[in-house]
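# Architecture and fold: a report
What follows is each chain in one-letter form.
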Amino acid sequence: DHGSGATILLYDAAQDSVVLVRQFRAAAYVAGDPAFMLETPAGLLDGEAPAGALRREAIEETGYFVEDVHYLFDSYASPGTLTEKVSLFFAFVSPTDRVTDGGGVDDETEFVGVVNLPLEQAFAMIRSGEINDSKTVILLQWAMMNRMALSQCLVPA
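A few points on the structure. Just so we're clear, the structure is a prediction, and the values are computed from it rather than from any experiment.

## Considering the packing of aromatic side chains
This model, assessed by the stated rule, comprises six aromatic pairs. Arranged with centres 6.0 Å apart and planes meeting at 50°, the rings of Phe24 and Tyr29 form a pair that is tilted. Residue class for Phe24 comes out partly exposed when judged on its relative accessible area of 40%. Judged by its relative accessible area of 55%, Tyr29 is exposed. Between the aromatic rings of Phe90 and Phe92, the centroid separation amounts to 5.3 Å while the plane-to-plane angle is 85°, which identifies the pairing as edge-to-face. Phe90 sits in the buried class, given a relative accessible area of 1%. For Phe92, a relative accessible area of 23% gives the class partly exposed. Aromatic ring contacts, followed pair by pair, group Tyr11, Phe90, Phe92 and Trp142 into a single cluster.

This is how it looks when you write it as structure tokens:
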């Protein structure tokens, strides 16, 4: 038990693209898998409401300031062994929303790469195994299911 978290899919409708982050993940490394994983921006709540926590994480990790965030649902990645519940959100972004370079917080020794990918390519990376983080897989699947509404900057019902 290390607390609950929040994650967000940042979607650029004009480019039909998503903003992901590439981070070192010790657990993947220990398991013998590639240590740098592509993921949606995420973080622990640290006493904040989920929407506030993910706004903080989005700007820290990607440099994108997001005001209007849309709650989707909560998910347990592995309820048989972990108490962590993750709140999943999405937000529309554009290049003008990027107010810093992102890259993580130096005090937290984060080294985060910002990756902008076409939604179709990111989705294909699930099948190839290049994206295998559960929260990211879920959000990319959600985006593909709701692609028509998203492309029109509509919040899916």
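Read on for the rest.
## What to know about the pairing of strand β6 (residues 85-92)
The buried fraction of β6 amounts to six of the eight residues, a majority that puts the element mostly inside the structure. Where strand β1 (residues 5-12) and β6 come together, seven bridges link them in parallel fashion. By the bridge assignment for β6, Tyr11 is matched with Phe92. When strand β5 (residues 70-76) meets β6, the two strands line up antiparallel, connected through six bridges. Paired with Phe73 across the strands is Leu88, a residue of β6.

## A short note on the side chain of Ser87
Note that Ser87 resides in strand β6. On the basis of relative accessibility, which here comes to 7%, the residue Ser87 falls in the buried class. Once you skip the residues sitting within four places of it in the chain, Ser87 turns out to touch Gly5, Ala6, Thr7, Pro50, Tyr71, Phe73 and Asp74.

## Regarding helix α2 (residues 50-62)
Taking 1.5 Å as the rise per residue, α2 with 13 residues should run 18 Å; its terminal C-alpha atoms sit 17 Å apart, in good agreement. Restricting attention to buried positions, one finds in α2 the residues Ala53, Leu54, Glu57, Ala58, Glu60, Glu61 and Thr62. Backbone geometry just after α2 places Gly63 at a positive phi near 85°.

Procedures and definitions
Residues numbered from 1 in each chain as written. Predicted model: local features only at pLDDT ≥ 70, side-chain atom pairs only at ≥ 80, totals over all residues. Heavy atoms only, no water. Phe/Tyr/Trp six-rings, centres within 6.5 Å; stacked < 30°, edge-to-face > 60°. Buried < 20%, exposed > 50% of the residue type's maximum accessible area, 1.4 Å probe, protein only. Helix = DSSP H or I, 4+ residues; strand = E, 2+ residues; numbered from the N terminus. Pairing = 2+ DSSP bridges. Contact = heavy atoms within 4.5 Å. Expected span 1.5 Å × (residues − 1).

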